[in-house]
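Chain residues, written in single-letter form:
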Amino acid sequence: MDNSEACGSWRQLPDHECVALFLSGEQAAFAELVQRHQNRVFRFLLHMTGCREEALELTQDTMLKAFRSLPGWRPDAAFSTWLFRIASNAATDRLRRKKVVKYVPIEEHMDFPDPAAGPEEELHSAQRYRILEAALSRLQADYRQVLLLRELEGMSYAEIGDVLGLREGTVKSRIARARQALLEVCKNKV
């Protein structure tokens, strides 16, 4: 089997099997892992940093660190969770160094109003999105982080706990506090 056939068959393999192939010397197996996860990692980092260039740089840093650290990965942790932990730590470090918290506005093409809605409903929907994006930008980084992992990435409480190094109960309470803070900010904006 040539390398292109091998790469095609790797798409069918779970992450941990691609890791095993990589660790046994199949360097290209890591490329499959990067292809699977880089967009989600980039999107998360973009929302955390608020800067496309920083998110790209941090995504590359995350993948490079994963490449170098993969021999230490434990199969009892999901690869994606482990990767998001690396990305989360990178974003947190960057935000601490900058001491600036920004949020990338939700792009207009991401607005999915009801197709039957008229112009007035679309205007109200756009206003709600602007209020939400402004409210998110005012949240402290750890609250924004858990909300993004839960709501944008769809991670379970356990996965978020693994990513952030927190107990599941702490994740639940932090998400509850983050949602409450978000509601308060939204109320004050209206």
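I keep staring at the overall build of the protein and nothing clicks. Help me out?
Looking only at helices and strands, one finds 9 helices and 0 strands in the protein. Start at the N end of the protein and walk to the C end: the helices and strands fall as α-α-α-α-α-α-α-α-α. Considering the protein as a whole, with its 190 residues, one finds that 39% of them fall into the buried category. For the protein, contacts bridging at least 24 residues in sequence account for 61% of all contacts bridging at least 6.

Any chance you could explain the confidence of the model for the protein here in plain terms?
When pLDDT drops low, the exact placement of atoms in the prediction is not to be read closely. Predicted confidence across the protein gives a mean pLDDT of 81, with 78% of residues reaching 70 or more. Mean pLDDT across the elements of the protein bottoms out in helix α1 (residues 3-10) (56) and peaks in helix α4 (residues 52-69) (94). Scored below 50 in pLDDT, residues 1-5 makes 4 contacts in the model with residues more than four places away or belonging to other chains.

Please clarify how the side chain of aspartate 15 should be interpreted in this entry.
Within the element layout of this structure, aspartate 15 appears in helix α2 (residues 15-23). Here arginine 36 takes part through its side chain, which lies 2.6 Å from a polar atom of the side chain of aspartate 15. Once you skip the residues sitting within four places of it in the chain, aspartate 15 turns out to touch Leu33, Arg36, His37, Phe79 and Ser80.

Help me understand the nonpolar core in this model?
Most often, soluble globular proteins keep nonpolar side chains buried together rather than apart. Counting 49 residues, the largest nonpolar core has Phe44, Leu45, Leu70, Phe79, Leu149 and Ile160 as its most contacted members. For this core, the elements supplying multiple residues, two or more each, are α2, α3 (28-49), α4, α5 (79-98), α6 (119-138), α7 (141-152), α8 (157-164) and α9 (168-189). In terms of residue count, α3 provides more of this core than any other element does, 10 residues in total. Beyond its immediate sequence surroundings of up to four residues, phenylalanine 44 is in contact with Phe84, Ala87, Ser88, Gln145, Leu148, Leu149 and Glu153.

Sorry if this is basic, but what is going on with α8 here?
Spacing of three or four residues puts side chains on the same side of an α-helix, whose turn is 3.6 residues. Residues of α8 that are buried: Ile160, Gly161, Val163 and Leu164. Looking straight down α8, one finds its buried side chains confined to an arc of 160 degrees; they lie on one side.

Which parts of the structure should I look at to understand the packing of aromatic side chains?
Two aromatic rings are characterised by how far apart their centres lie and by the angle between their planes. Throughout the structure, instances matching the rule amount to 6 aromatic pairs. For the ring pair phenylalanine 44 and phenylalanine 84, a centre distance of 5.6 Å and an interplane angle of 70 degrees mean the geometry is edge-to-face. Note that phenylalanine 44 is positioned in helix α3 and phenylalanine 84 in helix α5, a separation of 40 residues in sequence. Phenylalanine 44 sits in the buried class, given a relative accessible area of 0%. One aromatic cluster is present, formed by Phe22, Phe30 and Phe67 through successive ring pairs. One residue, arginine 150, lies across the ring of tyrosine 157, its end atom 4.1 Å from the ring centre.

How each quantity is defined
- Throughout, residues of each chain are indexed from 1 in the direction in which the sequence is written.
- Where totals are concerned, whole chains, interfaces and linings use all residues; where local detail is concerned, this predicted model gives features only for residues with pLDDT of at least 70, and gives and counts side-chain atom pairs only at 80 or more.
- Values reported for side chains reflect all heavy atoms of the structure, with hydrogen atoms and water molecules removed beforehand.
- Only DSSP runs of H or I reaching four residues or more are called helices, and only runs of E reaching two or more are called strands; each is numbered from the N terminus.
- Only protein chains enter the accessibility calculation, which uses a 1.4 Å probe; a residue is then buried when its area is under 20% of its type maximum, exposed when over 50%, and partly exposed in between.
- Contact between two residues is taken to exist if any of their heavy atoms lie within 4.5 Å; hydrogens are not considered.
- How sure the predictor is of each residue is captured by pLDDT, a score from 0 to 100.
- Pairs of N or O atoms are called polar contacts if they sit within 3.5 Å, as long as, within protein, a hydrogen donor faces a hydrogen acceptor (for residues adjacent in sequence, only side-chain-to-side-chain pairs).
- Residue types Ala, Val, Leu, Ile, Met, Phe, Trp, Tyr and Cys, when buried and joined through side-chain atoms within 4.5 Å, form a set referred to as a nonpolar core.
- Throughout, the arc means the angular range of directions from the helix axis out to the C-beta atoms.
- Ring geometry is summarised as follows: Phe, Tyr and Trp rings, the Trp one being its six-membered ring, pair when their centres sit within 6.5 Å, and such pairs are stacked at plane angles under 30 degrees, edge-to-face over 60 and tilted between the two.
- Only when the NZ of Lys or the CZ of Arg is both within 6 Å of the ring centre and within 35 degrees of the ring normal is a charge said to sit over the ring.

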